[in-house]
Amino acid sequence: MRYQFCQYVTIVDMNDEILSEVLFEHGEFESNAVTIGSSVLIHQLGLKQFDVVYDKREGKTTRYKIEDIEVNLIEQPTVTRVFLEPVRLIVGQHDIGEVE
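In this text, all values refer to a predicted model and were calculated from it rather than measured experimentally.

## Quick look at the sheet that holds strand β5 (residues 61–72)
Turning to step 1, where the next piece is worked out: A sheet is described by the order of its strands in space; here six strands give the open sequence β2-β1-β6-β5-β3-β4, paired in mixed fashion. Looking at strand neighbours, the two that pair on one side only are β2 (18–30) and β4 (51–55), the edges of this open sheet. Pairwise comparison of adjacent strand axes, ignoring direction, gives a mean angle of 40° for this sheet.

## Some points on the environment of T62
Turning to step 1, where the next piece is worked out: Mapped onto the secondary structure, T62 falls in strand β5.
Turning to step 2, where the next piece is worked out: Separated by 23 residues in sequence, T62 and S39 have C-alpha atoms that sit 9.9 Å apart.
Turning to step 3, where the next piece is worked out: Those residues in contact with T62 that lie beyond four places of it in its chain are V40, L41, I42, H43 and Q44.

## Some details on the nonpolar core
Turning to step 1, where the next piece is worked out: Ranked by internal contacts, the top residues of the largest apolar core, which has 17 residues, are V9, L45, V52, V82 and L84.
Turning to step 2, where the next piece is worked out: Once you skip the residues sitting within four places of it in the chain, V52 turns out to touch V9, I11, V22, F24, L45, G46, L47 and L89.

## Some words on the side chain of Q7
Turning to step 1, where the next piece is worked out: Tracing the backbone through its elements, the reader meets Q7 in strand β1 (residues 2–12).
Turning to step 2, where the next piece is worked out: For Q7, a relative accessible area of 0% translates into the label buried.
Turning to step 3, where the next piece is worked out: In this structure the side chain of Q7 is engaged in a polar contact, spanning 2.9 Å, whose partner is the side chain of H26.
Turning to step 4, where the next piece is worked out: Among the polar contacts made by the side chain of Q7, one reaches the main-chain carbonyl oxygen of E85 at a distance of 2.7 Å.
Turning to step 5, where the next piece is worked out: Dropping the residues within four chain positions of it, Q7 is found in contact with V22, L23, F24, H26, L45, Y64, L84, E85, P86 and V87.

## Concerning the pairing of β5
Turning to step 1, where the next piece is worked out: In this structure, strand β3 (residues 39–48) lies alongside β5, joined through five bridges in antiparallel fashion. From the neighbouring strand, V40 faces β5, where its bridge partner is Y64.

## Let's talk about the pattern of salt bridges
Turning to step 1, where the next piece is worked out: Using the criterion set out here, one finds five salt bridges in the structure.
Turning to step 2, where the next piece is worked out: Its salt-bridge partner being R2, residue E30 comes within 3.5 Å of it at the nearest N-O pair. Here the residue E30 occupies a position in strand β2, and R2 occupies one in strand β1, the gap between them amounting to 28 residues.
Turning to step 3, where the next piece is worked out: Taking relative accessible area as the criterion, E30 reaches 54% and is therefore assigned exposed.
Turning to step 4, where the next piece is worked out: Owing to a relative accessible area of 46%, R2 belongs among the partly exposed residues under this scheme.
Turning to step 5, where the next piece is worked out: Between R81 and E70 there is a salt bridge; the shortest N-O distance is 3.9 Å.

Reading the values: rules and limits
In every chain, residue numbers begin from 1 and rise along the written sequence. Only residues with pLDDT of 70 or above have their local features reported here, since the model is predicted, and side-chain atom pairs are shown and tallied only from 80 upward, although totals for entire chains, interfaces and linings are computed over all residues. Hydrogens and water molecules were not included; the side-chain quantities draw on all heavy atoms of the structure. Only when DSSP finds a minimum of two bridges between them are two strands counted as paired. Note on conventions: DSSP H or I runs of at least 4 residues are helices, E runs of at least 2 residues are strands, and numbering of each starts at the N terminus. The convention used is that axes are lines fitted to C-alpha atoms, helices contributing only their stretch in contact, and that angles between N-to-C directions extend from 0 to 180 degrees. Here, two residues are considered to be in contact whenever any of their heavy atoms come within 4.5 Å of each other. Side-chain atoms within 4.5 Å are what join buried Ala, Val, Leu, Ile, Met, Phe, Trp, Tyr and Cys residues into a set we call a nonpolar core. Each residue is placed in one exposure class: buried if its accessible area under a 1.4 Å probe, protein chains only, is under 20% of its type's maximum, exposed if it is over 50%, and partly exposed if it falls in between. Here a polar contact means two N or O atoms within 3.5 Å. Within protein one must be a hydrogen donor candidate and the other an acceptor candidate, and residues neighboring in sequence count only if both atoms are side-chain atoms. What makes a salt bridge here is a side-chain nitrogen of Lys or Arg within 4 Å of a carboxyl oxygen of Asp or Glu, nothing more.

Encoded structure:
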């Protein structure tokens, strides 16, 4: 089955004040049935200025739990979105620079 993986990301400053909240889309993946509470292993998220990106440096993988599964029956074909647990990124602390 095809799933669209998403994750809410809150970007805060060093004083823990919210600068923005975005829905980061990891993309569509083919997988067996997924369930709430299952874990997904993927690249850790980081910031390039105020844009949420993958931190693909060596050793920067992390495990996120599946928090919710949404099936949109209005769209055709049906879209199944999997929401991973939300993360909080701090400007300055989670910057990855220009590393690719």
